[in-house]
Amino acid sequence: MTATPTTQTALRLAAITMSFGPIEVIKGVNLDIRAGERHAVIGPNGAGKSTLFNLISGMFAPTSGEIFLNGNSIAGLSPHLINRAGLARSFQITNIFHRMSVFENLRIGVLARHGVRYGLFRPVAGMRQVNEETAEVLARVGLESRGHDLAGDLTYSEQRALEIGMTLTTGAEVILLDEPTAGMSREETEKAIELIRTVTEGKTLLMVEHDMGVVFSLCDRVSVLVYGDIIATDTPERISANRAVQEAYLGEEAAS
Amino acid sequence: MMTMRNLLLLAVALALLVIVPPFLGLGWQNMLVNVLIASLFALAFNLLIGQAGLLSFGHAAYFGVGAFAALHLMRAIEGGLPFPTPLVPLAGAAAGLLIGLIAGYFATMRSGVYFALVTLAIAELFHSLAPQLEGVFGGESGISSMRMPWNGIVFGSMLEVYYLTLAWVLVCGLALWAYTRTPFGRLTLALRDNEQRVRFLGYSAHTAKVIIFTVSAMLTAVAGSLQAISIETANYSLFASNVSAQVVLQTFVGGSTVFFGPVIGATAFTLFSFLVSDLTRSWVFYQGLIFVLVMLYVPTGIGGVIQHHIHNRRQLDWRNMAGHYVLAFVGALLLTAGVVFLTETVAVLFGEDYAMVRHNAEGGLPPFELFGASWNPTGLLTWLLPIVLLIGGGALLIRARRRISTIWDRKGPSNATATEPLLAGGAK
Amino acid sequence: MEFAIISTLNGVTYGLLLFMVSAGLTLIFGMMGVLNFAHASFYMMGAYVAYAVSSVFGFWVGILVAPIVVGLAGMAVERFLLPRVHAHGHAHELLLTFGLALIIEELIKIFFGDFPVNYQMPAELRFSAFEVFGATYPFYRLFIGAVAVVMFAALWVLLTRTRTGIVVRAAERLPAMAEALGHNIPIVFMFVFGTGAALAGLAGAVAGAFYPTNPNMALELGVIVFVVVVVGGLGSLKGSLLASLMIGLFSSFAVGLDWSLANLLGVVGLGDWARSVGGLLTLELSSISATIPFALMLIVLLVRPAGLMGERN
C-alpha cells in the first residue's frame, strides 16, 4: 500500500543524536515515516540500527533532537508511556515471558490496552472481551494450537511469531520490528513475511532488516543507515540502484 | 484451575483445622497458632520472591511493624477505646501498608542483589533504631498489652486466639490466592519472567512492583499483629535478621514456585522446632543443613517436588517405581540417622555438661548418655555406627536416585502446563 | 584533643580490619557477581581455628594455620557447592551462601559453645605502644593495622604486578574473553574465592585475639562489612578501603559524641521546638551510632548504587 499524497507523518525523527560517552553513535538522524507505510531501515552491522530503535521506543533518551509520534513529542519518555502513546516494538533477541503460556503472553498486552493494568479485584478468567481479543491475536499469528503451551517450549520461529503477536496486542498503530526474520530458514522467512504483511495491514510499520528479499517484498520505502547517519531514503528499487548506497553497503551483492 | 478434588481436599483440611484443636493440649494449640502465623508470613513473603522474583532480606521489618501497631491499638482498647479486639490486625495491615508503600517505593528502584541489600538495610534501620525510641517501640524492653474482651468473647484462652488467628490467616491466604487470578497477579508473574518486556507493553514496572511490595508488606504485618495478639508483647528483636532469615528458609524449603509451598515449609519448621527443640540444641543447625541441601538438590523445594509428581502422575510407571522410592526413603532415613547421631555425639562431647563430667573424672573420657544408651567416646562402635549409617544410607540413596531418574527419563511427554515452572524434578 | 587522637587511631585500625574482610567480599562480587553471605563466617572461622590451634601449638602457628584452613574451605565452597546452583541464578547463589553462614555459625556453637571463648593475644604482644595524655595505647591495635596494611600492599602488588593478577583483572572484566585467550578461568575464580576467604580468616585470627571471639561475631561484623562494600562500591577494592576507613573512623568517633538533630536545629533557633518534639530529633549520635551506617548504605544504594568508587551500576 503506497502512501497517498495526503498522508500524515506517523513518526518523525528530527536531528536525533545519541552519544555513549565520547562516541557519537547516532549523528543527527532526520526521518519521516508516513502513516500507513511499511518502512525498512537497513545498514551494515554497527550502523546504529538497534540504537535508533531503542531511542524511538524509549529504552534510552536521545542526547539531542526530537521524536514526534502523531505530532506529539515522545523523546525521553519512558517505554511504557511511549507504548501508551501508540507505539509498540519487538526485539531482535526473542523477548517473551518464557515461563508463562503463549496465551498469557499475549493477554498481558491486551490487558494493558483495556486499561486494567493494575486490576486487583476481578479474576482475569472472567474478562470475556479480553480473552476473546487475546484468542483473536493468537489466531492471527497462527499459534492457536499452542495457546496453552509454555512460551519457552515453542520453536524458534514460533517464538518469533509470538514476539510479533505481542507487539500487536497493545493496539499500537505504529509497529517497530527489529529483525523479525533473523535466524530463520528460507521457508520460515516466507511465512514470516506473509504474517507481517497481514498483521500490519492498516498500521504503520518500521522494521530493521538484513534480508533484502524481505525488504523488497514487504516495504514501501527503505532508509539506509551508515555509521549513525541516514544516507538515503527511497523506494526499494531506487535504493538498490543508488550508487552511494551500493558503495556504502550493498556492495557486489546488489550490483549483480 | 481449582478442580473438584482440590476443593474437596481444601474443605477437609479446613474442617480438620476447625474441629480438631479443642481436643488438643495447650502446647499444641499454641503450636498451631504459630504454624498459622508462620504460614501467612511465608505466603506474604513468597508473593515477592516466588511470584515477582524479588528477594527481600528484610521482611522482619514489616512483621515487626504489624506487631507494634497491633499492640498500640490494644493498649488504646485497654484505655477504653471502643474497638473490637478481633479487628486489631487491621491496625497492623494499615501500618504495613504505609511502611510497605514507603519502603517499597525505594526498594523497587533497584533490582537483583541491590534490591535485597536495600531491604536488608531498611530492616537493620528498624532493628538499630527501635531500642532507642521509647515512645513508639518501648525502648529495649518493648511494649506489652492485654487482649480485651469483646461482645462476650474474653480472649482469655488459647483456643479463642487460635480461632481468631485461623480466621485471619484463611481470609488473607484466600486473598493471596485470589490475587494470582487477577490481571495484576498475572502481571506479577510476567514481571518475574521479563521486566523489560512488561515496560514495553505499556506498564510502569516500578508502579507495579511498588504495589506488589506493599501488598506483601501489608499481609506480613497482619501476620505480625496476629503474633502480637497471641503473645501480647513485642520488642525490637522482632526486627532482627534471624526473623527475616527464618521466613526465607521456610519459604524455600517448602518451595517458592508453588503457591502452597511456603505453607508446607512454615508448617514443617514450626512443627519440628516444637517437637525437637527441647530434645536438641542443634535444631538451628539442622535447619541450615536442610536449607542448603534443598538449595543444592531440590531447588523447587518440597512443594515443587510434590507438584512435579502430581503433574506427571499419569505418565509415570508407579508400580515399577514404588520400590525405588521406598529404598530412597530408607536411604534418606539412614543418612539422617547418621547425621543426627554424629551431630548429637559431637554436641555432647563438646558441651558444657560433658566438660564438667570430664573435670570430675580428672581429664579422662567417661562414657556419655545419648538416645537412651551409654556410649564410650573412645569406643569403636560409637564412631563406626554413624559412619556405617552415613555410607550405607548414602549408597542406598544414590542408587535409588539413579534408578528413579532413569524411569523419569523414560516416561511419556510431560503434560506440563504454564502454571508449573519447568525445573528439575525431585529425582534429577 | 585526647579524644580526637585516640578515636582516630582506633578508627583507623578498626577500619583496616574491616577492609581485610571486605576486600575479599568485594573482589568476589566483582568477579563472579556472587554476594557471599558466608564471608563474615570465614572471618569467624578464622578466629576459632586460630583459637583451637593456638591453644595447642601457640599463637603464631594459629595465625598461620587459620587463613590456610579457611582459604581451603572457601575454595571447596567455590568448587563443589556454588556450581550446583549457578544455573538457577545469582539469587540462589546468595541463598546458598546464606545457608552456609547459618551452618558455620551453628557448627561453631556445637563445637565451642554459645559463649565467648578465651582467645588471647600472647604475652609478648601485650604491651603498650606509647602513652598519650597519660593513657597507654595497646600495641596490638597497631599490630592489627599493620597486618592489614601489609596484606593490602601484597594484594596490590599481586593484582597489578604479577601475571596472575593481570589474568584475575582480565577475568573480572571479561571472563569469556579471558577464557577464550586460554586462561583457566574456573581455577582463577577458585583462587580468588580462596584468597578472599583466607584474608577474612586471617583478619579473624588476628582480630579475634583482641575483640571478643564468640558465635555472634560473624553476624555483627557481617552487616557492617555489607555496608562497607556497598558504600565503597560493590567490586571496587579502592572503594572498600576508603569506605572501611570512613566507617571505622565514624564508629569510633560517634560513641563519644552527644550531638543530636536538636543541637543542629538549635543553630537555626529551633532547638527548643525539637526538644519538645523528642523522638528521633533528640537522639544523641552516640546512641544511634549503630543506625548511621545503615542509613548511609541505604542512601548510597538509592542515590548512587555504584558506590563511592564503583564503575558499574
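Preceding this section is the structure that the text describes.
Owing to the predicted nature of the structure, the values given are computational and were not obtained by experimental measurement.

**A closer look at the overall build of chain B**
Of the regular secondary structure elements, chain B holds 17 helices and four strands. For a compact globule of 428 residues, the expected C-alpha radius of gyration is about 22 Å, and chain B comes in at 24 Å, within 12% of that figure. Along the first, second and third principal axes, the C-alpha atoms of chain B reach 70 × 65 × 45 Å. Here chain B, with 428 residues, has 53% of them falling under the buried criterion.

**Quick look at the side chain of A:Ser223**
Residues and elements named next belong to chain A. Its place among the elements puts Ser-223 in strand β9 (residues 221–226). A polar atom in the side chain of Ser-223 sits 2.7 Å from the side chain of His-39. Aside from chain neighbours lying at most four places away, what touches Ser-223 is Leu-31, His-39, Ala-40, Val-41, Ile-42, Ile-230, Ala-232 and Thr-233.

**Things to note about the sheet that holds strand β6 (residues 87–89) of chain A**
Residues and elements named next belong to chain A. Here we have six strands laid out as an open sheet, ordered β6-β7-β8-β3-β9-β10, and mixed in their pairing. The two strands at the open ends of the sheet, each matched to only one other strand, are β6 and β10 (229–234). Averaged over all neighbouring strand pairs, the angle between strand axes comes to 20 degrees, with direction disregarded. Inspection of the sheet shows β6 paired to strand β7 (residues 174–178) by three bridges, in the parallel sense. The residue of β7 that forms the bridge with Arg-89 is Leu-176. Along the sheet face, helix α5 (residues 156–169) touches β6 and β7 and points at about 155 degrees away from the line of β7.

**Remarks on unusual backbone geometry**
All names here are of chain A. Although it is not a glycine, Ala-15 adopts a positive phi angle of roughly 50 degrees. Residue placement: Ala-15 occurs in strand β1 (residues 9–20). Of note, the phi angle at Tyr-227 is positive, near 45 degrees, even though the residue is not glycine. Its location among the elements puts Tyr-227 in the loop between β9 and β10. Note on Tyr-227: relative accessible area 60%, which makes it exposed.

**What about the sheet that holds β1(A)?**
Residue and element names in this part refer to chain A. Read across the sheet, four strands follow the order β2-β1-β4-β5 without closing on themselves; strand pairing throughout is antiparallel. Since the sheet does not close on itself, it has two edges, and those belong to β2 (23–34) and β5 (72–73), each with one partner. Inspection of the sheet shows β1 paired to strand β4 (residues 64–69) by five bridges, in the antiparallel sense. In the sheet register, Ala-14 faces β4, and the bridge partner there is Glu-66. Each of β1, β2 and β4 is contacted by helix α1 (residues 49–57), which is oriented at about 115 degrees to β1, the strand it contacts most.

**Here's the deal with the interface of chain B and chain A**
Taken together, the contacts link 28 residues of chain B with 41 residues of chain A. Summed over both partners, the interface of chain B with chain A comes to about 3,000 Å²; 63% of that surface belongs to carbon and sulfur atoms. Linking chain B to chain A there are three salt bridges. B:Asp193 is paired through a salt bridge with A:Arg99; the nearest N and O atoms lie 3.0 Å apart. The interface formed by chain B and chain A contains 16 residue pairs in polar contact (both at pLDDT 80 or more). For the side of chain B that touches chain A, the secondary-structure elements that each account for two or more residues are α8 (183–193), α9 (195–200) and α10 (205–231) of chain B. In terms of residue count, α8(B) provides more of the side of chain B that touches chain A than any other element does, eight residues in total. For the side of chain B that touches chain A, a count of residues per class yields 14 nonpolar, seven polar and seven charged.

**Describing the pairing of β1(A)**
All names here are of chain A. The pairing of β1 with β2 spans nine bridges and is classified as antiparallel. Note on β2: the bridge partner recorded for Met-18 is Ile-26. Here β1 folds back onto β2, and the loop between the two strands holds two residues, one of which, Gly-21, carries a positive phi near 65 degrees.

**Considering the interface of chain C and chain B**
At the interface, 41 residues of chain C touch 40 residues of chain B. For the chain C and chain B pair, buried surface summed over both sides reaches about 3,900 Å², with 82% attributable to carbon and sulfur atoms. On the chain C side of the interface with chain B, the three residues burying the most area are C:Leu95, C:Ile110 and C:Leu302, jointly 15% of the side's total. The interface formed by chain C and chain B includes zero salt bridges. Elements with a contribution of two residues or more to the side of chain C that touches chain B: α3 (59–86), α4 (90–112), α9 (217–232) and α13 (292–303) of chain C. Its residues placed into classes, the side of chain C that touches chain B shows 33 nonpolar, six polar and two charged.

Cut-offs applied
Residues numbered from 1 in each chain as written. Chains lettered and ligands numbered in written order. Predicted model: local features only at pLDDT ≥ 70, side-chain atom pairs only at ≥ 80, totals over all residues. Heavy atoms only, no water. Helix = DSSP H or I, 4+ residues; strand = E, 2+ residues; numbered from the N terminus. Rg over C-alpha atoms; globule rule 2.2 N^0.38 Å. Buried < 20%, exposed > 50% of the residue type's maximum accessible area, 1.4 Å probe, protein only. Polar contact = N/O pair within 3.5 Å; in protein donor to acceptor, adjacent residues only side chain to side chain. Contact = heavy atoms within 4.5 Å. Pairing = 2+ DSSP bridges. Axes fitted to C-alpha atoms, helices over the stretch in contact; angles between N-to-C directions. Buried area = accessible area lost by both parts, 1.4 Å probe. Salt bridge = Lys/Arg side-chain N within 4 Å of Asp/Glu carboxyl O. Nonpolar A, V, L, I, M, F, W, Y, C, P; charged D, E, K, R; others polar.

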